[in-house]
Amino acid sequence: MSRKTWKKGNLYISYGNPSITPFYGEHDEERKVNTMKDVMYFYYDITILQNTKTLFSARAWDFPKVQQLPDYIDHLIHFDMQKAVPLEDVKDNGFRRTIKYMQVILEDSFGFDMEYFYKIERYDYSVKQQHEQTPKEWSEYVLTIGAMEPSKKYGGDNREDYGKTIMIKDLTTDDLLNLKKTALQFCEEAIRLHNQE
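Residues numbered from 1 in each chain as written. Predicted model: local features only at pLDDT ≥ 70, side-chain atom pairs only at ≥ 80, totals over all residues. Heavy atoms only, no water.

We now examine the side chain of D175. Positionally, D175 belongs in helix α2 (residues 173–196). The class of D175 is buried, set by a relative accessible area of 11%. Within the structure, the side chain of D175 is placed 2.9 Å from the backbone nitrogen of T172, a separation counted as a polar contact. In contact with D175, not counting residues within four places along its chain, are W6, K8 and D170. (Helix = DSSP H or I, 4+ residues; strand = E, 2+ residues; numbered from the N terminus. Buried < 20%, exposed > 50% of the residue type's maximum accessible area, 1.4 Å probe, protein only. Polar contact = N/O pair within 3.5 Å; in protein donor to acceptor, adjacent residues only side chain to side chain. Contact = heavy atoms within 4.5 Å.)

For the rest of this paragraph, the subject is the sheet that holds strand β3 (residues 39–50). Strands sit in the order β1-β2-β3-β4 across an open sheet of four strands; the sheet is antiparallel. One side of each edge strand has no neighbouring strand; the edge strands of this open sheet are β1 (4–8) and β4 (53–60). For this sheet, the mean inter-axis angle between neighbouring strands, taken without regard to orientation, is 15 degrees. Pairing between strand β2 (residues 11–22) and β3: ten bridges, direction antiparallel. (Pairing = 2+ DSSP bridges. Axes fitted to C-alpha atoms, helices over the stretch in contact; angles between N-to-C directions.)

Glancing now at the packing of helix α1 (residues 69–77) against α2. For any two helices packed against each other, one specifies the inter-axial angle together with the distance between the axes. One way to put it is that α1 packs onto α2 with a least axis distance of 9 Å and a crossing angle of 160 degrees. For the element pair α1 / α2, the angle class is roughly antiparallel. The two elements α1 and α2 meet at a crossing, and its hand is left-handed. Residue-level inspection shows L69, P70, I73, D74 and I77 of α1 in contact with α2, the latter providing T173, L176, L177, L179, K180, A183 and L184. Among the residues making up the contact of α1 with α2, the classes are represented as nine nonpolar, one polar and two charged. (Parallel < 35°, antiparallel > 145°, perpendicular 65-115°, else oblique. Left-handed = near helix turned anticlockwise from the far one by under 90°. Nonpolar A, V, L, I, M, F, W, Y, C, P; charged D, E, K, R; others polar.)

On the surface, F23, Y24, M40 and Y41 cluster together to form a nonpolar patch covering roughly 370 Å² of accessible area. For Y41, a relative accessible area of 38% corresponds to the partly exposed category. (Patch = residues over 30% accessible without salt bridge, like charges linked within 9 Å, V, L, I, M, F, W, Y side chains within 5 Å. Areas by Shrake-Rupley, 256 points an atom, 1.4 Å probe, with all protein chains shown as cover. Salt bridge = Lys/Arg side-chain N within 4 Å of Asp/Glu carboxyl O.)

Attention now moves to α1. Among all positions of α1, only L69, P70, I73, L76 and I77 are buried. In an axial view of α1, the angular spread of the buried residues amounts to 130 degrees, which keeps them on one side of the axis. Elements in contact with the buried residues of α1: β2, β6 (95–106), β7 (117–128), β8 (136–150) and α2. (Arc of directions from axis to C-beta.)

Pasting the structure below:
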């Protein structure tokens, strides 16, 4: 089965139909693929479903991203939030709430917006009630996946300034690590299928 799927509740992000073209070897023959670094072109589908209803679908052609997604997730999860953007710092009679913010965006090279993109946001909360000695601290994540609309000009080769997105809120670190695992498994399966052929 070439499809790998991440699940949260009744929402699914599913990757399928992989096709790999590796770099060529010394004698103009395709090399065996050991890792994604051996891949010249990588095509696949991404579909987001709610139960069985398709909410979003796209095909990666010139700008595949699933192989980079694990690194972006790791970067965000392990980012030093002392260096993050402060969004809120409220103090009131012994109560204190702070929110810090960081985001990563995985998009096409040179900002072409030709294919789908990921934006992952991290919010770190610290809340101390009046009667508490130590604050409660936690992180939440928001994942947005989308694509800009093709422009009517130039035969659709460029994109409009708007597009369709799916935003998934209230994600935990474990949710993102499971998405990372799904992305890695999909890339491994794509390599396995390619080498099998």
